[in-house]
Amino acid sequence: MGNATLQFLLILILLFVIAIPLAKYLQLAFSREETKLDRFFAPFEKFIYRVAGIQSREETGWKKYALSLILANAALLGISYVVLRVQNFLPLNPGKISNMESTLSFNTAISFMTNTDLQHYSGESGLTILTQMIFVTMMMFTSAATGLAVAIAVIRALSSKGKTIGNFYQDYIRANVRVLLPLSVILTILLVAFGVPQTLDASTTITTLEGKAQTIAMGPVASLESIKHIGTNGGGFFGVNSAHPFENPNAITNILQILAMWCIPAALLITYGLMVKNRKQGWVLFGSMMAIFLIVLTVIYCAEQAGNPALNKLGFSSAQGSMEGKEVRFGIPLSSFFTALTTAATTGTVNNMHDTLTPIGSLVPFGLMMLNNVFGGEGTGFVNLLMYAILAVFLAGLMVGRTPEFLGRKIEPREMKLIVIALLIHPLIILGPSAIAFMTHLGTDAISNGGFHGISQVIYEFTSAGANNGSGFEGLGDNTPFWNISTGIVMILGRYISIIALLAVAGSLTQKQPVPETIGTFRTDNATFGAILIGTVLIIGALTFFPVLVLGPIAEFLSIR
Amino acid sequence: MKGIRLAVVMIVVLGLGYPLAMTGISQLIFPHQANGSMVYNDQKQAIGSELIGQSFEGPQYFHGRISSIKYDGAASGTPNYAPSNEEMIKRTKEEADKWLAQNPGKSVGDVPLDLITNSGSGLDPHISPEAARFQIPAVAKATGLSNQQLEDLLKKHVEGRALGVFGEPRVNVFKLNLDLHKLIQAKA
């Protein structure tokens, strides 16, 4: 216990050390004014604008911004689908990997475009070295850059007045060139130094000590791993993701990956405070989310450390905790932390198998994906959190009978309608398809663990797709047309509806006349608001999802304890 | 159209330029790690990676964790057994019985759990120091080496926490067996 607490504490300190300067850097990188960064990055960016044929970098309104975003994403989606379908014929395919089947390609292309990285294939046998680079690695940058651009545009709208919220192409290219690429280069070199391979060979065959042949898969792993975490993507090079010793060879790489997936979502909350010129606003959001995170981290750590109740009952040792599906080098503390964070930041990378988590432990990834805003994914986590913040202001306003205001702008029916649509779509695309899956053999045939856990497997798959997380209860036999198409659609809805809704809210808020602050103004930068925000998030989450959690993990717990 | 041109630029810069440049730099400054941390024998042949577990079945060796893929390095995975899965409980019992047969006087609660559970990757190169120590009587019997010799060997191979804090103490089974192999040969 003592050592686990110490590890957690040190990780938190490291997060602050990285996130605070990064927050200032993000503000600078996306600034409307000329900055000292321009001298360094502008030549490269100009080159990209020229080659890509982007002439205008004029700021636009939210509609044009959203349209450019959708066009840029749709083009990548189309090209990626074709690349996966013909990967066998392309160069850099030493492993003679065949073309990807059509529904699987549909699912995979959407999965990486939406920053979900749900994987119904296994990297070793499903992708070539070239597709790991030009499809997976590339999409990890562009999907993260899309999310980051949206968050910045929304913050910009909240912190200024006018008709425009920014230029999508400029934000998107800056996100890639100024933020994601430099961070990924640094992290790649660190990861290689600590043991992650980076080669163009697909595999090597050796003879083991016992004289047997062992073929070891490898490839350009480190360059993918770095952006996988920095972009909160989560799709592994290998089937078992960051549990694979080549993706995540030791505790140091594990810590690096934790910090990498946490730093931008955490920094964005601080950047928000900086940009709206009220740092406390940012820290209130940060503190509220950190409070929820620390509570659930304690839950999963204690549950996993206590061991599997079904084995404990039979007299097995619980000294090491529940080790099924976990790696010795991480043990319970670093496995629990990784699981909590990967679902908080909706990365979806895993260093232990979530299907094997104890029932109470598995409530944590479930809960965090269902809330979908505890730090959250690159940019989109902030967007989701902002929806809850506005909702909290609205509820508080109703209680005291005042027109709700947020950052000096009146929240009116149009904004609330958009936010409610975005909030309701999340449970709808999780619970609706799950119900359909339970009603048909196409769905239930995929279940690999019987009883209540089978219910959890199905719900987890759609929760992960809907939250754009991408982790899985991987026992589920999900590479079938039913699962490929259904989760593909869920991922698209889960990603773009909330993005467009929030851009629309931002567009409408930025045009409103600011209301002067009075003594009666409900403040959103103090602990009271933090508490209301936490309450709003937890109550809405619990009201929506508690019943299905009772049918899955909680029923499983009661049946084996 | 603009979207397609931009997508092509992204593929060239981020999908080709970045990973290829990273490969070049990594191969130049960290060739050992970049190529999979391979271990070579005296004839300069690769005999394994220090990061990837190998299957050990002979009684003279220390054994690693359960791997449903039998340490197939071209794949990775686990059966993903739920905590309530009957198969998992049956397998865990059987594995415990196997170890208890070689450790008379011990009970089921004494078997280190990492030894009788499937790792996450199926390629876990490590076991806990307790799991290695639990195997000493069986290895001593099969090799003729004394318990003390094996205990000394094991001590040399216990890797501590990184910076004294991060991760868990562990033993790399492949590296341990490599040295054990040398001891056996020296004895013969």
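Everything numeric here is computed off the predicted structure, so don't read it as measured data.

A closer look at the overall build of chain B
For step 1, the next point in the chain: Across its full length, chain B holds six helices and five strands.
For step 2, the next point in the chain: Taken from N to C terminus, the helices and strands of chain B fall in the order α-α-β-β-α-β-α-α-β-β-α.
For step 3, the next point in the chain: By the compact-globule yardstick of 16 Å for 188 residues, chain B is too spread out, its C-alpha radius of gyration being 21 Å.
For step 4, the next point in the chain: Across its three principal directions, the C-alpha atoms of chain B cover 75 × 45 × 30 Å.
For step 5, the next point in the chain: Burial analysis of chain B (188 residues in total) assigns 55% to the buried set.

Examining the overall build of chain A
For step 1, the next point in the chain: The number of helices and strands found in chain A is 19 helices and four strands.
For step 2, the next point in the chain: Whereas a compact globule of 561 residues would reach a radius of gyration of roughly 24 Å, chain A reaches 23 Å, a difference of no more than 12%.
For step 3, the next point in the chain: Overall, the C-alpha framework of chain A stretches about 75 × 55 × 50 Å when taken along its three principal axes.
For step 4, the next point in the chain: Of all intrachain contacts in chain A linking residues separated by at least 6 positions in sequence, the fraction that spans at least 24 positions is 77%.
For step 5, the next point in the chain: Summed over its atoms, the accessible surface of chain A is roughly 18,000 Å², and 68% of this surface lies on carbon and sulfur atoms.
For step 6, the next point in the chain: The centroid of the 33 positive side-chain charges in chain A is displaced by 12 Å from the centroid of its 29 negative side-chain charges.

What about the interface of chain B and chain A?
Reports of interface size often rely on the accessible area that becomes lost once the parts have come together.
For step 1, the next point in the chain: Counting from both sides, the interface comprises 97 residues of chain B and, opposite them, 101 residues of chain A.
For step 2, the next point in the chain: For the pair chain B and chain A, the summed buried area comes to about 7,700 Å², and 68% of that belongs to carbon and sulfur atoms.
For step 3, the next point in the chain: When the area that chain B buries against chain A is broken down by residue, the three leading residues are B:Tyr18, B:Asn80 and B:Phe166, summing to 10%.
For step 4, the next point in the chain: Applying the counting criterion to the chain B and chain A interface returns three salt bridges.
For step 5, the next point in the chain: B:Asp124 serves as the salt-bridge partner of A:Arg329, at 3.9 Å between the closest nitrogen and oxygen.

What about helix H4 (residues 102–113) of chain A?
All names here are of chain A.
For step 1, the next point in the chain: In this model H4 runs 16 Å from its N-terminal to its C-terminal C-alpha over 12 residues, within 8% of the 16 Å that 1.5 Å per residue would give.
For step 2, the next point in the chain: Buried within H4 we find Thr103, Leu104, Ser105, Asn107, Thr108, Ala109, Ile110, Ser111, Phe112 and Met113.
For step 3, the next point in the chain: Looking at the buried residues of H4, the elements they touch are helix H3 (62–85), helix H6 (129–158) and helix H18 (481–510).

Some remarks on the domain arrangement of chain B
For step 1, the next point in the chain: For chain B, the domain assignment lists domain 1 (1–35) and domain 2 (37–187).
For step 2, the next point in the chain: Computed over C-alpha atoms, the centres of domain 1 of chain B and domain 2 of chain B are 38 Å apart.

Some points on the pattern of salt bridges
For step 1, the next point in the chain: Scanning the model with the defined rule gives 24 salt bridges over all chains in all.
For step 2, the next point in the chain: We note a salt bridge from B:Glu57 to A:Lys212, for which the minimum N-O separation is 3.6 Å. Of this pair, B:Glu57 sits in the loop between strand E2 (46–49) and helix H3 (86–102) while A:Lys212 sits in the loop between strand E1 (203–207) and strand E2 (213–217), which puts the two residues in different chains.
For step 3, the next point in the chain: Each of the salt bridges in this network shares a partner with another, and the network as a whole consists of A:Glu327, A:Arg329, B:Arg65 and B:Asp124.

Some points on the packing of aromatic side chains
All names here are of chain A.
For step 1, the next point in the chain: By the definition in use, this model includes 27 aromatic pairs over all chains.
For step 2, the next point in the chain: Relative to Phe135, the ring of Phe112 lies with its centre 5.2 Å away and its plane at 70°, an arrangement referred to as edge-to-face. Here Phe112, found in helix H4, pairs with Phe135, found in helix H6; they are 23 residues apart in sequence, far enough to count as distant.
For step 3, the next point in the chain: Among the residues examined, Phe135 registers a relative accessible area of 1% and is labelled buried.

Examining the nonpolar core
For step 1, the next point in the chain: Grouped together as the largest cluster of nonpolar side chains are 172 residues, with contacts concentrated most on A:Trp262, A:Phe293, A:Phe375, A:Leu503 and A:Leu533.
For step 2, the next point in the chain: At 20 residues, H6(A) tops the list of elements feeding residues into this core.
For step 3, the next point in the chain: In terms of domain composition, this core takes at least three residues from each of domain 1 (1–35) and domain 2 (37–187) of chain B.
For step 4, the next point in the chain: Dropping the residues within four chain positions of it, A:Leu533 is found in contact with A:Leu285, A:Ser288, A:Met289, A:Leu385, A:Tyr388, A:Ala389 and A:Ala392.

Description of the packing of H3(A) against helix H1 (residues 2–29) of chain B
For step 1, the next point in the chain: Running from N to C, H3(A) and H1(B) point in directions that differ by 60°, and their axes come no closer than 8 Å. Relative to H1(B), H3(A) is oriented so that their crossing is right-handed. In contact with A:Leu71, A:Ala72, A:Ala75, A:Leu76 and A:Ile79 of H3(A), H1(B) contributes B:Gly3, B:Ile4, B:Leu6, B:Ala7, B:Val8 and B:Ile11.
For step 2, the next point in the chain: When grouped by side-chain class, the residues that make up the contact of H3(A) with H1(B) number 10 nonpolar, one polar and no charged.

A word on the sheet that holds strand E3 (residues 126–127) of chain B
All names here are of chain B.
For step 1, the next point in the chain: Read across the sheet, three strands follow the order E3-E5-E4 without closing on themselves; strand pairing throughout is antiparallel. Either end of the sheet is taken by a strand with one partner, and the two such strands are E3 and strand E4 (158–159).
For step 2, the next point in the chain: In this structure, E4 lies alongside strand E5 (residues 170–172), joined through two bridges in antiparallel fashion. Bridged to Val158 within E5 is Val171.
For step 3, the next point in the chain: Here helix H6 (residues 173–187) sits on the sheet in contact with E3, E4 and E5, set at roughly 60° to E5.

As for the packing of helix H13 (residues 359–371) of chain A against helix H17 (residues 452–466) of chain A
Two measures define how a pair of helices packs: the angle their axes make with one another and the distance between the axes.
Residues and elements named next belong to chain A.
For step 1, the next point in the chain: Between H13 and H17, the shortest axis-to-axis distance is 10 Å and the interhelical angle comes to 35°. As for how H13 packs across H17, the hand of that crossing is left-handed. Every residue of H17 that contacts H13 at Pro365, Phe366, Met369 and Met370 is listed here: Ser456, Ile459, Tyr460, Thr463 and Ser464.
For step 2, the next point in the chain: Classifying every residue of the contact of H13 with H17 by side-chain character gives six nonpolar, three polar and no charged.

Structural notes on the pairing of E2(B)
Residue and element names in this part refer to chain B.
For step 1, the next point in the chain: Taken together, the three bridges between strand E1 (residues 38–40) and E2 define a ladder with antiparallel strand orientation. Within E2, the residue paired with Val39 across the bridge is Gly48.
For step 2, the next point in the chain: Hairpin connection, E1 to E2: the antiparallel pair is bridged by five residues, and Lys44 has positive phi, about 65°.

Notes on the environment of B:Tyr61
For step 1, the next point in the chain: Structurally, B:Tyr61 is set in the loop between E2 and H3.
For step 2, the next point in the chain: Put simply, B:Tyr61 and B:Phe166 are 105 residues apart on the chain and 29 Å apart in space, counted from C-alpha to C-alpha.
For step 3, the next point in the chain: Filtering out sequence-adjacent residues up to four positions away, B:Tyr61 remains in contact with A:Leu209, A:Glu210, B:Phe56, B:Gln135, B:Val139, B:Asn177, B:Leu180 and B:His181.

About the thresholds
- Residues numbered from 1 in each chain as written.
- Chains lettered and ligands numbered in written order.
- Predicted model: local features only at pLDDT ≥ 70, side-chain atom pairs only at ≥ 80, totals over all residues.
- Heavy atoms only, no water.
- Helix = DSSP H or I, 4+ residues; strand = E, 2+ residues; numbered from the N terminus.
- Rg over C-alpha atoms; globule rule 2.2 N^0.38 Å.
- Buried < 20%, exposed > 50% of the residue type's maximum accessible area, 1.4 Å probe, protein only.
- Contact = heavy atoms within 4.5 Å.
- Areas by Shrake-Rupley, 256 points an atom, 1.4 Å probe, with all protein chains shown as cover.
- Lys, Arg positive; Asp, Glu negative; His and termini not counted.
- Charge placed at Lys NZ, Arg CZ, Asp CG, Glu CD.
- Buried area = accessible area lost by both parts, 1.4 Å probe.
- Salt bridge = Lys/Arg side-chain N within 4 Å of Asp/Glu carboxyl O.
- Expected span 1.5 Å × (residues − 1).
- Domains from an automatic or database assignment.
- Phe/Tyr/Trp six-rings, centres within 6.5 Å; stacked < 30°, edge-to-face > 60°.
- Core = buried A, V, L, I, M, F, W, Y, C linked by side-chain atoms within 4.5 Å.
- Axes fitted to C-alpha atoms, helices over the stretch in contact; angles between N-to-C directions.
- Left-handed = near helix turned anticlockwise from the far one by under 90°.
- Nonpolar A, V, L, I, M, F, W, Y, C, P; charged D, E, K, R; others polar.
- Pairing = 2+ DSSP bridges.

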